[in-house]
Structure formats: C-alpha cells, structure tokens
2 protein chains.
Amino acid sequence: MRVTALAGGTGAAKLVRGLVASGVADLTVIVNTADDTEVWGLHVSPDLDTITYALAGRLDLERGWGRTDETFRCLETMAALEEPTWFALGDRDLATHLVRTRALRAGRPLSQVTAEIARRLGVRVGLSPMSDDPVRTRIRTPAGWLSFQEYFVREKARVEVLEVAYEGAADARPAPNVLTAIGDADAVVVCPSNPVTSIGPIVAIPPIAGALAATRATVVAVSPIIGGAAVSGPAGQLMAARGLPVSALGVARAYAPWLDALVLDGRDRGLAAELEAAGVRPVVGDILMTDRGSEAALARRVLGAVGVGRAR
Amino acid sequence: MRVTALAGGTGAAKLVRGLVASGVADLTVIVNTADDTEVWGLHVSPDLDTITYALAGRLDLERGWGRTDETFRCLETMAALEEPTWFALGDRDLATHLVRTRALRAGRPLSQVTAEIARRLGVRVGLSPMSDDPVRTRIRTPAGWLSFQEYFVREKARVEVLEVAYEGAADARPAPNVLTAIGDADAVVVCPSNPVTSIGPIVAIPPIAGALAATRATVVAVSPIIGGAAVSGPAGQLMAARGLPVSALGVARAYAPWLDALVLDGRDRGLAAELEAAGVRPVVGDILMTDRGSEAALARRVLGAVGVGRAR
C-alpha cells in the first residue's frame, strides 16, 4: 500500500513511526514548515527535524523535540554572550541547522536539503517539506502579531489568540513530489497534529487542498483531540480562536472538504452520529500513543480504515 | 604609555596578556584576519578569537586555540552527517562564530562585531581586525593554491610552499581606528607571530605600512624565531619560501622599512652586530614565554626598549 502522511511534530512523529513499524514500505511524509524560524542566524525547521530524528531513532522521547544524547554548551555560551536563548538548540542539533542553512544560502531548495539530511541520518522514508517557498504561521494577540515560535515557545502559548494567518500560503508552490504523493497514494493519513498550526498551513496551500479533494486515495485523519482537550500543545486554544469546536467534530469540520474518515478516541464515541451526518466516517478506538506498541496499533487501525474506500 | 600591538595568534596572545599584566592601561591590539575562513557556513576569525579568548581568560592554554571547558558534540555530529571536520570548532566556540556570522550577514563591519564580542566577554583592551575588508593569505604548493587553513590545519603544513600571496591586501582599507592607533602610540609592539602569515598580511595593507614608517612611536618587534627555528608553527618554512633567512635577522629584514628594535633570544646574541648594521637595535634577553611570569617579563623587556626612542 502506498501511504502519504501529512505531519506536524511530536504526535505525527509517533504515528509515522507506527506506520513504519506496521510494515508500510512505500511511505511519503509531507511536513509542515510554517513553524520554521531563524535562530542565531540559522534556519530551523522544527517539524521536519522532529520527524527526521524520530525516523532515525534519534528523537529525544522525553522532551519530544531535539536529539537524544544532547548537550547545550553552545546555548549556555550564547546566554553568556547576551544572545536570546528562549529557543533552545542543542549542540548535536546545531549540526542539522548548520548543514541546512549553508545549503539554503547556496540556493538549494529545502526539499533537496531535507532529503539529503534524512539520507545521511539513515532514514529511508520519503520526507518532504510541504513547500520550498516560505510559509509562516502568524498569531495575532492583544499585543500584536507573533511568529508561531514566539507564541508557542517564548510565550508558552499563554497569550490570547485573536487570529491565525498563514503568510505566504496563497502563493506557495507545493514541493516537487507533494502533489504526486497525494494523487498516487492508496491512503492519505492526516497525523494527529494541531489542525490549525500543523495541518492548517499545509492545506492552506491551494494546490495541496485541491490534490486532497481530487485524489482517489482514502483520506483518514487521526484526531489530536480527546474529549474537549488536545493530547498535547495548544490545539484547543487555536481551534477555538478559529471558531472550531474543540472536539473531534471540530477536527472533522476543519478537514471537511476532503476528509473521508476520522479515527477518534473511544471517549468520543458520542460524536460518531454527528460525524456521519457531516459526511465523515467515524473510526472509534484507542488513539493515545504511549509507547511503540500503541503507535503501531494506531497505525494498523488507521490503515484498516482505508480498505473501506472513499466516503465521498 | 599608549601601546599598539600587531598580533597573530598564540604567541601574540601570550605577549598581549603580558602587556596587560605589566600594567599597560592604554592598549590597542590590531589583529591579522588573513587566516579567516568559512567553516560550516560560519565566518571564523582564528587570530581574533585567540586574542579575545586569551584576554578574557578563556583561551585553552594546552591546545593554544579555542575555549577552555570545551566540548565537541556538534563536530562529532557533523562527522556523522558526512561534513568535513578537519577544522575543529568546539560547542562553546560556535557561539562566537554564530554571533559574528549573523552580524556580518546583516551588514555590520567586522571591527564593530569584534569590539562587541570582546565587550560581552569582559575584555577591556581595544581589539580590532586589521581591516573590515577581506584579505586572505593564499599558499601556492606543487598541487596548486591553498587557503591558509587548508595549508596549516588540513595539510598540517607538510606540503612544499612555493609562494605566498595576500589576496585583497593591496586594496584593503585599514579598519577605522588602526591608523590612529599606530600614529598616536608611544610604542608599537610587533608580537612574536609568524612574519609571513600573521604580521605579513597586516603590513601588506599599504596605508598600514605607511603609518608604521611615519609614526613617532618606537616600533619594537619580538622575534618568533630562536636559533634557526620558529618557537611554534610553520614560520621557518614560510620565511624560507619568501627568501628570508630563518633567523632573527630574517625577521628584521622582513620588517626593515619601519622597525626600530628587535627583541631576540640570548641564544641569538651573535646576530646583534648584523642587526645593528641593518639599522635595527638589538635587545637581547629571554623571549620564551612558558608561563604568566615570563609573559609579563618579556612585556617589560619590550617596553624597556621603547624608552630609548626611535632608531630611525
């Protein structure tokens, strides 16, 4: 089975690892880059790195970001040099950002650099940024517009969100193999990532939304919301800011134009009828990934939903 | 007394530390930047960093370069990412290169960035690159032209040197306070650095050579050669390639147009008469700096030679 996944950070990393573990050989992962930021003059792609490190077996599982066996000596020294250090880069992690930044400055597209870094780390899954063009999530707060990392890391998501915008999305071109990967897949898996700031920017690129609507693949999403709250991160606050119910139903609504099935938690089975009424097939099960076993189990549940074909 | 020093790397760092320790309050150090190089996309200024770290009390004395309390995790990871690692940057050292590179890319001149980094590290001595313009030492070998770091670090100076060139020197402008620092000084101290690749590029900038010839300051150099060999590094090989005798006399000859006095080792007292004949006043003494005490003693010897006034 050919599977293409749309991915943000930590939750996506777990499900993608589960897809690999459950035997998907032909897997392409299209990753959000609207969280990308410049730190100390380096181009940092947090979601790409989380997925890459996870597939390379080098993601720090406790932190949920960055590399295993990491130290922070450069960061310490940056603080002594009076540089901002609210966005922490580890000493090993720096190598990735240095390689990426140099290649980008030499004019190479992010998709090429991403594939090259993944290859050098021994990753065999196809990994691609959603676009080689810059798309940036901007968050409007009472104090003004913030970048996603200013909102999420510096302010720890503790500010009121008035508006979310995807700067550059309307004109961004999908990275070279994105449309083919969606069009030629048997299944498109939308990972349990933040619908507003992880999946939102990907599908805000018009040709990508078009490809999702047109593909013959079954499009299955996994809800990142259990009960009325996000499994991790500020998805709830951001969904509310976008006028979406903070529930699996809100997720289905955000993905409505192209979603076939939504895998939602047993605790949310009460929403099944409403989902069906909205044209989305509910698949109820345990969706919390707490270890490698539950990652693979969720991946199998997702793939099981594909066999039934398109809902639309 | 106002003292201006011309400096390369390790030997200069020791003498400059000695000048500070022996009470010179008004000290400006003009540093070679023709060894500057780009590593992993970062602008590295090895001589500036050696002097800065030495004055900040953070130079690794055993290695002779880089910072104390250093680790090399990023370097290790760079090797795993198949990047060249023959030029070693430590994790703490990286902070300096990141700050410098970002400022240079933002259009700030190296002299400003250098002063800013020195200030943040608590250095109170005036530090300046010789020029804000790029000057690069190039070494011609039987296999072709190499950058200085390719010759010195990658090839470990084990290749034949046919020619040395200072790319960009003829058109480079001295950094903003360089000419004033030379013109207004009571003494100009030429540190015991490589005459060809450390001091050579500084004085290859025509207005700097002009200022040295015109200053009313006494110009005193310390020989980096004892007997027929350099105290450290490839000065001997490079002097020979330039047709200079590998001796204190060769040093005096390289600096002839503007040198007043040369401090040379007791073992070289036999050269004193020849130096006098060449118009350079010999100052004989112990010049090997093996600890803080001998650094300060050499500094006092150098300053003692100044009182006597210009030889020219």
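Keep in mind it's a predicted model, so treat the numbers as computed, not measured.

A. Geometry of the packing of helix 1 (residues 10-21) of chain B against helix 2 (residues 46-55) of chain B. Residue and element names in this part refer to chain B. The N-to-C vectors of helix 1 and helix 2 enclose an angle of 35°; their axes lie 9 Å apart at closest approach. When the axes of helix 1 and helix 2 are compared, the crossing they make is right-handed. Every residue of helix 2 that contacts helix 1 at Thr-10, Ala-12, Ala-13, Val-16, Arg-17 and Val-20 is listed here: Thr-50, Ile-51, Ala-54 and Leu-55. For the contact of helix 1 with helix 2, the class distribution of residues is seven nonpolar, two polar and one charged.

B. Geometry of the pattern of salt bridges. All names here are of chain A. Following the criterion strictly, the structure yields 36 salt bridges over all chains and no others. As a salt-bridge pair, Asp-26 and Arg-2 come within 3.2 Å of each other at their nearest N and O atoms. One end of the pair, Asp-26, is in strand 2 (residues 26-31); the other, Arg-2, is in strand 1 (residues 2-7), and 24 residues separate them in sequence. Of the charged contacts in the structure, one is a salt bridge between Arg-140 and Glu-163, with a shortest N-O distance of 2.6 Å. With a gap of 23 residues between them, Arg-140 in strand 6 (residues 136-141) and Glu-163 in strand 8 (residues 163-167) connect regions that are remote in the sequence.

C. Here's a closer look at the relation of the copies chain B and chain A. For the pair chain B and chain A, the best superposition has an RMSD of 0.0 Å and corresponds to a rotation of 180° with a translation of 0.0 Å parallel to the axis. Between the two chains, the operation in question is that of a two-fold axis. When C-alpha positions in chain B are compared against the rotation axis, the closest is assigned to Asp-91 of chain B, at 3.1 Å. In this assembly the copies share their binding face: 100% of the residues contributing to the interface of chain B also contribute to that of chain A.

D. Geometry of helix 1 of chain B. Its 12 residues give helix 1 of chain B an end-to-end C-alpha distance of 17 Å, which sits within 8% of 16 Å, the value for a rise of 1.5 Å per residue. In the core, the buried residues of helix 1 of chain B are packed alongside strand 1 (2-7), strand 2 (26-31), helix 2, strand 9 (187-190), strand 10 (218-222) and helix 13 (292-306) of chain B.

E. Structural detail: the sheet that holds strand 14 (residues 281-285) of chain B. Residues and elements named next belong to chain B. Read across the sheet, seven strands follow the order 5-2-1-9-10-13-14 without closing on themselves; strand pairing throughout is parallel. Taken across any chain shown, the strands that pair with only one partner, and hence form the sheet edges, are strand 5 (126-129) and strand 14. Taken pair by pair, the neighbouring strands of this sheet meet at an average axis angle of 20°, ignoring direction. Inspection of the sheet shows strand 2 paired to strand 5 by four bridges, in the parallel sense. Note that in strand 5 the partner of Val-29 across the bridge is Leu-127. With respect to the sheet, helix 13 is in contact with strand 1, strand 9, strand 10, strand 13 (261-265) and strand 14, its orientation differing from that of strand 10 by roughly 150°.

How each quantity is defined
- Residues numbered from 1 in each chain as written.
- Chains lettered and ligands numbered in written order.
- Predicted model: local features only at pLDDT ≥ 70, side-chain atom pairs only at ≥ 80, totals over all residues.
- Heavy atoms only, no water.
- Axes fitted to C-alpha atoms, helices over the stretch in contact; angles between N-to-C directions.
- Helix = DSSP H or I, 4+ residues; strand = E, 2+ residues; numbered from the N terminus.
- Left-handed = near helix turned anticlockwise from the far one by under 90°.
- Contact = heavy atoms within 4.5 Å.
- Nonpolar A, V, L, I, M, F, W, Y, C, P; charged D, E, K, R; others polar.
- Salt bridge = Lys/Arg side-chain N within 4 Å of Asp/Glu carboxyl O.
- Least-squares fit on C-alpha atoms with pLDDT ≥ 70 in both.
- Expected span 1.5 Å × (residues − 1).
- Pairing = 2+ DSSP bridges.

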